[in-house]
Amino acid sequence: MRDKLLAGAGALAAVLFVRNLYVMFMQIGDEVDQGAIYRIIYFHVPAFFTAGMCYIASMLASAYTLWKKDLRADAFAMSATEVGLAFAAVNLLTGMIWGRIIWGIWWAWDPRLTWALISWLVYFGYLGLRKAIDDPSERANISAVVNIFAFTSVAITWKAIVWWRTQHPAPVLSIRGADGKIDPAMEAMIYTNWIPLLLMATIFIAIRLRQERALRELDAMRRWAHST
Amino acid sequence: MVPVSVENVWKYFGDYPALREVNFTLESASCLALLGRNGAGKTTILRILAGLSTASKGEVKLPDRRRTAYLGHNIGIYDELSALENLKLFGRFYEVENPVSSASKWLERVSLAHVADAPAREFSRGMRQRLALARVFLHEPEMLLLDEPFTSLDDRAIALLQDLMREAKQRGASIILSTHQLREALELATKVVLLNRGQIAYCGPRTQAMVDDPAALYRDHGGEA
Amino acid sequence: MIRFLKLTMAVAGKDIRSEWRTKESLNASIAFSIVVLLLFSFAFDPASESTKEFAGGLLWLVFMFAGALIVNRSFARELPNDCLDVLIASPLPMAALFLGKAIACFTLLMVIELISLPVFGIFYDITWWNQPGWLMLILTMTTWAMSVVGTLFSALTVNLRLRELMLPMLLYPMLIPALMAAIQLTTVVLTTDPVGGDNYTWVKLLVGFDIIFTSLSLALVDFVLVR
């Protein structure tokens with residue numbers, strides 16, 4: 001049943017994705033200043049949204065882990081973080097490619113890009129910490145606390161970076177300025193293309209959860225075997 | 001009046017139940033010996049009782065924390081502080097009425113008064129162990145939680161600990177200790193709990209037969225010594 | 001409440017006294033911060049006028065590096081002889097234990113910072129006492145941010161293998177917002193320009209960071225220590 005549900009979600013994501021590709025290349029025209037490359041925004045921005053959603057979900061799951069001592073919630077928090085990092089990486093890479101073509105540089109200290117990098121570092125620490133703790137219950141407890149700290153810090157960072165960058169305008173035009181000029185059809189496509197990405201994120205998380213459950217069972221069996 | 005009760009306690013490490021359905025009670029002025037092999041769950045129970053860990057399921061009732069003392073595998077004193085400073089500090093944490101005079105009194109008792117102001121780092125092994133015992137009994141606890149107390153102590157400290165435990169029992173304190181040293185433990189114990197793979201294999205009063213042949217307990221109730 | 005404060009100060013006093021007797025991490029981090037100040041002089045021209053523009057950043061990087069040495073010791077200090085177990089088993093509230101340790105870290109960090117500041121002033125020819133009130137305020141608030149987050153993470157990582165590596169990896173990225181504010185404000189404070197306008201936003205951010213993370217730590221410390 002769960003397999004079929006996942007396969008169904010996957011198929012839906014694929015169909016939507018193909019349809020979106022068709023629309024974004026065949027129906028929506030090039031952007032006036034940037035030409036064809038601007039289409040990267042349809043991946044750059046939804047990936048950013050998806051990463052944000054994953055971080056929020058993972059924070060909520062961590063709070064639940066502490067509250068109920070539920071290891072499944074901990075596995076969910078971990079899976080959501082991993083998937084969030086993957087989408088933050090998509091955001092980073094597409095941002096860099098875009099920056100290289102439009103601004104001529106691989107890395108611009110644009111708020112969104114900087115934020116994605118910092119969130120990467122913060123959550124990378126979270127995942128690294130998990131690897132260093134052997135007992136699953138202790139790991140759940142400790143990493144849930146770190147996750148709540150990580151989310152809080154990343155949320156404050158988001159605000160701080162916007163202030164920082166507005167005080168020191170980068171030598172290049174910022175994406176935020178372009179937002180106002182965006183064509184409604186283009187903006188709609190950003191959201192439409194978010195749906196397949198969210199579906200993909202859900203599928204990845206479900207698969208990771210299954211692996212984690214198997215790992216927990218293995219760990220329990222190993223402990224049982226060693227206790228004789 | 002039952003000062004200690006452990007009701008249907010489970011403890012999970014991940015999906016592995018390290019303790020399963022553990023139940024026992026202990027009256028005042030009595031001593032319970034927790035027996036079992038390595039990994040049977042003795043330390044896990046003691047850590048839950050001491051508040052170092054929480055039970056996944058079930059309930060634990062204990063006297064007030066201020067009336068409880070815990071001695072783990074290690075001595076738990078600060079090397080950089082002097083003997084007196086160590087005792088004064090823990091006296092403050094346990095809300096002893098007059099930390100300074102109790103500390104001096106206990107230093108006399110464990111024969112460390114002459115080195116009260118020397119840092120614990122400079123002490124010999126035996127002196128450090130006696131200082132640890134003074135730390136445990138400083139606040140006249142009603143409940144003693146001792147994890148393998150005889151394993152790391154030297155002969156003099158063991159003799160002292162046995163004296164102190166007897167005194168505490170006469171005062172009405174309850175004692176829970178986990179141990180391998182069956183003979184020392186069984187002589188003091190009034191009650192025995194044998195753990196096997198996180199479950200209680202035997203729970204009942206200590207009998208003379210156990211003291212005479214400690215290994216029989218393991219033979220009869222699963223798990224060899 | 002008074003009892004809570006007394007216990008907190010007992011913990012803080014114990015930590016400061018132990019550190020003062022051995023001076024292990026104190027000496028190491030003072031030496032370390034002076035070495036880093038020296039090394040930076042090779043990376044940038046200390047005589048150039050532009051040094052003043054990144055002076056705030058430089059100073060806080062030094063404090064951060066040195067600070068990791070101090071906070072790392074905070075709970076690690078309890079490891080020999082398993083003192084941490086005794087403290088957790090005692091009636092001492094975990095919040096008092098945490099707060100006491102954070103105060104001890106804060107005190108030690110402030111000592112290091114106040115020793116490094118004149119050295120920094122001499123090496124980079126910077127008059128750092130232009131606005132002493134503001135400077136102290138920023139030092140205090142940012143150092144408290146480092147102490148409180150650092151102490152909690154010290155508790156989190158205390159039982160881990162690779163503790164020394166894990167702590168900075170977790171700590172530095174999380175402190176970024178506080179550091180951004182500290183760097184921004186310190187750069188202003190080192191000049192004679194008054195702190196005002198946009199810079200109040202950064203003061204607010206620092207205050208907010210301190211309040212949020214102090215309350216989060218106090219709320220979550222029980223989960224961290226009782227396993």
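Residues numbered from 1 in each chain as written. Chains lettered and ligands numbered in written order. Predicted model: local features only at pLDDT ≥ 70, side-chain atom pairs only at ≥ 80, totals over all residues. Heavy atoms only, no water.

(A) Representation of the overall build of chain B. A count of helices and strands for chain B gives nine helices and nine strands. For chain B, the C-alpha radius of gyration of 18 Å lies close to 17 Å, the compact-globule estimate for 225 residues. Projected onto the principal axes, the alpha-carbon positions of chain B cover approximately 50 × 35 × 35 Å. Out of the 225 residues belonging to chain B, those deemed buried represent 59%. Across chain B, every contact between residues at least 6 apart in sequence was considered, and the portion connecting residues at least 24 apart equals 69%. For chain B, the accessible area works out to roughly 9200 Å², and carbon and sulfur atoms hold 47% of it. For chain B, the separation between the mean place of its 28 positive charges and that of its 28 negative charges on side chains is 2 Å. (Helix = DSSP H or I, 4+ residues; strand = E, 2+ residues; numbered from the N terminus. Rg over C-alpha atoms; globule rule 2.2 N^0.38 Å. Buried < 20%, exposed > 50% of the residue type's maximum accessible area, 1.4 Å probe, protein only. Contact = heavy atoms within 4.5 Å. Areas by Shrake-Rupley, 256 points an atom, 1.4 Å probe, with all protein chains shown as cover. Lys, Arg positive; Asp, Glu negative; His and termini not counted. Charge placed at Lys NZ, Arg CZ, Asp CG, Glu CD.)

(B) Fine view of the overall build of chain A. Scanning chain A from terminus to terminus reveals eight helices and zero strands. Beginning at the N terminus, the succession of helices and strands in chain A can be written as α-α-α-α-α-α-α-α. Considered along the principal axes of its C-alpha atoms, chain A spans approximately 70 × 45 × 25 Å. The buried share among the 228 residues of chain A stands at 49%. Relative to all contacts within chain A whose residues are 6 or more apart in sequence, the contacts with residues 24 or more apart total 79%. Counting every atom, chain A has about 11000 Å² of accessible surface; 70% of that belongs to carbon and sulfur. Side-chain charges in chain A split into 22 positive and 17 negative, and the spacing between the mean points of these groups amounts to 3 Å.

(C) Expanded view of the interface of chain A and chain C. Opposite the 32 residues of chain A that make contact, chain C presents 30 residues. Buried surface at the junction of chain A and chain C, both sides included, amounts to about 2800 Å², of which 79% is carbon and sulfur. Where chain A packs against chain C, one counts one salt bridge. Notably, a salt bridge pairs D134(A) with R161(C), separated by 3.2 Å at the nearest N-O pair. (Buried area = accessible area lost by both parts, 1.4 Å probe. Salt bridge = Lys/Arg side-chain N within 4 Å of Asp/Glu carboxyl O.)

(D) View of the sheet that holds strand β1 (residues 4-13) of chain B. As summarised here, the arrangement of the three strands in space is β2-β1-β4 (chain B), forming an open sheet in which the pairing is antiparallel. The strands lining the two open edges of the sheet, one partner per strand, are β2 (16-26) and β4 (57-61) of chain B. Within this sheet the neighbouring strands show an average axis-to-axis angle of 20 degrees, counted without direction. Those strands touched by helix α8 (residues 194-226) of chain A are β1 and β2 of chain B, and its axis lies near 60 degrees from that of β2(B). (Pairing = 2+ DSSP bridges. Axes fitted to C-alpha atoms, helices over the stretch in contact; angles between N-to-C directions.)

(E) Structural context of the nonpolar core. The biggest cluster of nonpolar side chains holds 211 residues, and the ones touching the most others in it are I176(B) and F120(C). Considering each element in turn, this core owes the most residues, 15 residues, to helix α5 (residues 94-123) of chain C. Both domains that meet at this core, namely domain 1 (1-63 + 142-154 + 166-225) and domain 2 (78-141) of chain B, each give it at least three residues. Aside from chain neighbours lying at most four places away, what touches F120(C) is L37(C), A55(C), L58(C), L59(C), D125(C), I126(C) and L190(C). (Core = buried A, V, L, I, M, F, W, Y, C linked by side-chain atoms within 4.5 Å. Domains from an automatic or database assignment.)

(F) The arrangement of unusual backbone geometry in detail. All names here are of chain B. A positive phi angle, close to 55 degrees, is found at E95, a residue other than glycine. Assignment of secondary structure puts E95 in the loop between α2 (83-93) and α3 (99-109). The backbone of E140 sits at a positive phi, close to 45 degrees, despite the residue not being glycine. Relative to the helices and strands, E140 resides in the loop between α4 (125-137) and β6 (143-147).

(G) Expanded view of the packing of aromatic side chains. A complete count under the given rule lists 27 aromatic pairs over all chains for this structure. Residues F49(A) and W194(A) carry aromatic rings whose centres are separated by 5.1 Å and whose planes lie at 55 degrees to one another, so their mutual orientation is tilted. Highlighted residues: F49(A) in helix α2 (residues 41-68) and W194(A) in helix α8, separated in sequence by 145 residues. The class of F49(A) is partly exposed, set by a relative accessible area of 25%. Ring plane angle 20 degrees and centroid distance 6.1 Å describe the contact between W10(B) and Y12(B), whose orientation is recorded as stacked. With a relative accessible area of 19%, W10(B) lands in the buried category. Judged by its relative accessible area of 26%, Y12(B) falls in the partly exposed class. Each residue in the set F48(A), F49(A), Y55(A), W115(A), Y123(A), W158(A), Y191(A) and W194(A) is aromatic and connected to the rest through ring pairs, giving one cluster. We note K101(C) situated over the ring of F75(C); from NZ or CZ to the ring centre the distance is 5.2 Å. (Phe/Tyr/Trp six-rings, centres within 6.5 Å; stacked < 30°, edge-to-face > 60°. Lys NZ or Arg CZ within 6 Å of the ring centre and 35° of its normal.)

(H) Representation of the interface of chain B and chain C. Contact with chain B, which involves 28 residues of that partner, is made by 24 residues of chain C. Together chain B and chain C conceal approximately 2400 Å² of surface at their shared face, both sides included; 59% is due to carbon and sulfur atoms. The largest per-residue losses of area from chain B upon contact with chain C belong to Y78(B), E80(B) and F93(B), which jointly make up 29% of the total buried on that side. In this structure, the connection of chain B to chain C is made through four salt bridges. A salt bridge links D85(C) to R47(B), with the shortest nitrogen-to-oxygen separation between them at 3.2 Å. Applying the counting rule to chain B against chain C returns 13 residue pairs in polar contact (both at pLDDT 80 or more). (Polar contact = N/O pair within 3.5 Å; in protein donor to acceptor, adjacent residues only side chain to side chain.)

(I) Spotlight on the sheet that holds strand β7 (residues 174-178) of chain B. All names here are of chain B. The six strands are arranged β5-β6-β7-β3-β8-β9 in an open sheet whose pairing can be described as mixed. Of all strands in the sheet, those bounded by a partner on one side alone are β5 (68-71) and β9 (199-205). For this sheet, the mean inter-axis angle between neighbouring strands, taken without regard to orientation, is 15 degrees. Two elements, β5 and β6, share four bridges in a ladder whose sense is parallel. When the bridges of β6 are listed, T68 appears paired with M143. On top of the sheet, α4 reaches β5 and β6; it is set at about 155 degrees to β5, its chief contact.

(J) Structural detail: the pattern of salt bridges. By the definition in use, this model includes 29 salt bridges over all chains. In this structure, the salt-bridge partner of E85(B) is R21(C), at a minimum N-O distance of 2.8 Å. With E85(B) in helix α2 and R21(C) in helix α1 (residues 2-22), this residue pair bridges two chains. When its relative accessible area of 41% is taken as the criterion, R21(C) is described as partly exposed.

(K) Fine view of the domain arrangement of chain B. All names here are of chain B. With domains assigned, chain B is organised as domain 1 (1-63 + 142-154 + 166-225) and domain 2 (78-141). Here the C-alpha centre of domain 2 lies 27 Å away from the C-alpha centre of domain 1. Of the residues lining the interface, 10 residues belong to domain 1; the matching set on domain 2 comes to eight residues. Across the domain 1 to domain 2 interface the summed buried area is about 750 Å²; carbon plus sulfur atoms make up 51%. The largest share of the area that domain 1 buries against domain 2 comes from L144, L153 and R171, three residues that together contribute 48% of it. At the junction of domain 1 and domain 2, the tally comes to one salt bridge. With a closest N to O distance of 3.0 Å, E167 and R109 form a salt bridge. Remark: the boundary between domain 1 and domain 2 carries five residue pairs in polar contact (both at pLDDT 80 or more).

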